[in-house]
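What follows is each chain in one-letter form.
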Amino acid sequence: MALIMETPVDALIKDEHETPKWKKSTVVFVLGGPGSGKGTQCANLVKHFSYTHFSAGDLLRAEIKSGSQFGAMIQSMIVDGRIVPSEITVKLLCKAMEESGDDKFLIDGFPRNEENRIVFENVAKIEPAFVLFFDCPEDELERRIMSRNQGREDDNIETIKKRFKVFVESTLPIISYYESKGKLRKINAAKPSEEVFEAVKVLFAS
Ligand SMILES: Nc1ncnc2c1ncn2[C@@H]1O[C@H](COP(=O)(O)OP(=O)(O)OP(=O)(O)O)[C@@H](O)[C@H]1O
Ligand SMILES: Nc1ccn([C@@H]2O[C@H](COP(=O)(O)O)[C@@H](O)[C@H]2O)c(=O)n1
Ligand SMILES: [Mg+2]
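Heads up: these notes are all about the structure in this document. If you're wondering where the values come from, they're calculated on a predicted model, not measured in any experiment. (Residues numbered from 1 in each chain as written. Chains lettered and ligands numbered in written order. Predicted model: local features only at pLDDT ≥ 70, side-chain atom pairs only at ≥ 80, totals over all residues. Heavy atoms only, no water.)

## Points about the overall build of the chain
Filter applied, for reference: Numbering of helices and strands runs from the N terminus, with a helix taken as a DSSP run of H or I at least four residues long and a strand as a DSSP run of E at least two residues long. Put simply, the radius of gyration uses C-alpha atoms, and a globule should come to 2.2 Å times the residue count raised to 0.38. Think of it in three bands: with a 1.4 Å probe and only protein chains considered, a residue is buried below 20% of the maximum accessible area for its type, exposed above 50%, and partly exposed in between. Only heavy atoms enter the contact rule, under which two residues are in contact if any of them lie within 4.5 Å. For accessible areas, the Shrake-Rupley method is used with a probe of radius 1.4 Å. Any residue's cover is judged against the shown protein chains and nothing else. Charged-residue counts in this description rest on Lys and Arg as positive and Asp and Glu as negative, His and the chain ends being excluded. Just so you know, the charge point we use is NZ for Lys, CZ for Arg, CG for Asp and CD for Glu.
Counting its regular elements, the chain contains 8 helices and 5 strands. The linear arrangement of helices and strands in the chain, starting from the amino end, is β-α-β-α-α-α-β-α-β-α-α-β-α. Computed over its C-alpha atoms, the radius of gyration of the chain comes to 17 Å, within 12% of the 17 Å expected for a compact globule of 206 residues. Taken along the three principal axes of its C-alpha coordinates, the chain extends 50 × 45 × 30 Å. Burial status across the chain gives 46% buried among its 206 residues. Counted over contacts in the chain with a minimum sequence separation of 6, partners at least 24 positions apart contribute 78%. Carbon and sulfur atoms provide 52% of the accessible area of the chain, an area that totals close to 10300 Å². Averaging the coordinates of the 29 positive side-chain charges in the chain and doing the same for the 32 negative ones gives two points 3 Å apart.

Put into structure tokens, the structure is as follows:
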């Protein structure tokens, strides 16, 4: 069902005196450049640990498909590699967490900029337990995206270059912010997928 933007986020909270389970969640943000392996490693983590994976990009693509009044805008921003207004993305994430009934989440591709981070903190009122950062050089990212073959409209050389620019200008500062808070866990994502997961699972094993 399309997200009804008129639904205030507070309506997601059944009773103001009863904090919903998802608002007491364990949240891990998963960041990295386009093609760095966020989705791949989240899929591995879901198989081995009791986390629920939400990709902000996937939620936005589902919103387009749902016939949402914001679909055209979201689509044009994705094709342009730009970051969608945080109110939309945060409401999609909060709705997904609320409806899941779960309380441990991998939030993939979020926060992508300062507005994302602040709106999530103000609305969800959840701080991440830690932030996974998949570090990978651009030439490898480009090679991976150009051979991904998932039919994504943003997997073309023009959009990739725009997404790289957005990552450097908007997302790297968020990564630095969490590093300054001692919450960043940086992984060398240029290695083969299996080796990357060996390094990732250590962070969840405790
Ligand atoms: N360590 C790796 N080595 C080589 N290829 C990889 C590795 N990890 C993922 N890939 C491949 O690279 C492509 C991108 O991976 P994935 O979709 O997980 O990245 P992502 O960070 O979620 O990208 P996006 O931000 O564009 O959604 C996929 O085709 C995937 O199979
Ligand atoms: N927080 C976010 C996350 C994503 N987007 C838009 O979706 C595109 C695809 O994201 P992936 O993580 O699936 O690569 C991304 O390039 C943005 O256009 C967003 O706006 N905000
Ligand atoms: Mg992805």
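## A look at helix H8 (residues 193-205)
One turn of an α-helix holds 3.6 residues; hence residues three or four places apart share an orientation. Going by this rule: A helix is expected to span 1.5 Å multiplied by its residue count minus one.
Look at H8: 18 Å from first C-alpha to last across 13 residues, which is about the 18 Å you get at 1.5 Å a residue. Buried residues along H8 sit against strand S1 (26-32), helix H1 (38-48), strand S3 (104-108), strand S4 (130-135) and strand S5 (184-188).

## Here we look at the packing of helix H5 (residues 114-124) against helix H7 (residues 157-180)
Worth spelling out the cut-off: Here, axes are lines fitted to C-alpha atoms. For helices the fit covers the stretch in contact, and angles between N-to-C directions go from 0 to 180 degrees. Here the word oblique covers every angle except those under 35 degrees (roughly parallel), over 145 (roughly antiparallel) and from 65 to 115 (roughly perpendicular). Ten residues, namely Ala, Val, Leu, Ile, Met, Phe, Trp, Tyr, Cys and Pro, are considered nonpolar, four, namely Asp, Glu, Lys and Arg, are considered charged, and the remaining ones, Gly among them, are considered polar.
Contact geometry for H5 and H7: axes closest at 8 Å, N-to-C directions at 50 degrees. The angle between H5 and H7 places the two elements in the oblique class. Between H5 and H7, the residues in contact are Glu114, Arg117 and Glu121 and Ile174, Tyr177 and Tyr178, respectively. A per-class count over the contact of H5 with H7 returns 3 nonpolar, no polar and 3 charged.

## Comments concerning the sheet that holds S5
Cut-off, in case you're wondering: Note on pairing: two strands pair once DSSP finds at least 2 bridges between them.
Across the sheet, 5 strands lie side by side as S2-S3-S1-S4-S5; this open sheet has parallel pairing. Strands at the two margins of the open sheet, each flanked by one partner only, are strand S2 (52-55) and S5. Looking at each pair of strands side by side, their axes are set apart by 20 degrees on average, direction ignored. Against the sheet, H8 touches S1, S3, S4 and S5, its axis set at about 170 degrees to S4.

## Description of the environment of Leu106
Of note, Leu106 is situated in strand S3. Along the chain, Leu106 and Ile160 lie 54 residues apart, while their C-alpha atoms are 24 Å from each other. If we ignore the near neighbours within four places in the chain, the residues touching Leu106 are Val28, Val30, Cys42, Leu45, Val46, Tyr51, Thr52, His53, Phe54 and Phe204.

## Digging into the nonpolar core
Basically, it comes down to this: Residues enter a nonpolar core if they are buried and are Ala, Val, Leu, Ile, Met, Phe, Trp, Tyr or Cys, with the set joined through side-chain atoms within 4.5 Å.
One finds Phe29, Met97, Ile107, Phe110 and Phe120 to be the most contacted residues of the largest nonpolar core, which totals 32 residues. With 7 residues, the single largest contributor to this core is helix H4 (residues 86-100). If we ignore the near neighbours within four places in the chain, the residues touching Met97 are Trp22, Val27, Phe54, Asp102, Phe105, Ile107 and Phe120. Residues Val28, Cys42, Leu106 and Val200 belong to the second largest nonpolar core, which totals 20 residues.

## A word on the packing of aromatic side chains
Which entries qualify depends on this criterion: Only Phe, Tyr and Trp rings take part, Trp by its six-membered ring, and two of them pair if their centres are within 6.5 Å. Stacked means planes under 30 degrees apart, edge-to-face means over 60, and tilted covers everything else. Either the NZ atom of lysine or the CZ atom of arginine qualifies as a charge over a ring when it sits within 6 Å of the ring centre and within 35 degrees of the ring normal.
This model, assessed by the stated rule, comprises 10 aromatic pairs. Centroid distance Tyr51 to Phe204: 5.2 Å. Interplanar angle 90 degrees. Geometry classified as edge-to-face. Of the two residues, Tyr51 is situated in the loop between H1 and S2 and Phe204 in helix H8; the sequence distance between them amounts to 153 residues. Grouping aromatic residues by their ring pairs yields a cluster made of Phe29, Phe110, Phe120, Tyr177 and Tyr178. Of note, Arg117 hangs over the ring of Tyr177, and the distance from its end group to the ring centre comes to 3.8 Å.

On their own, these measurements won't tell you what the molecule is for.
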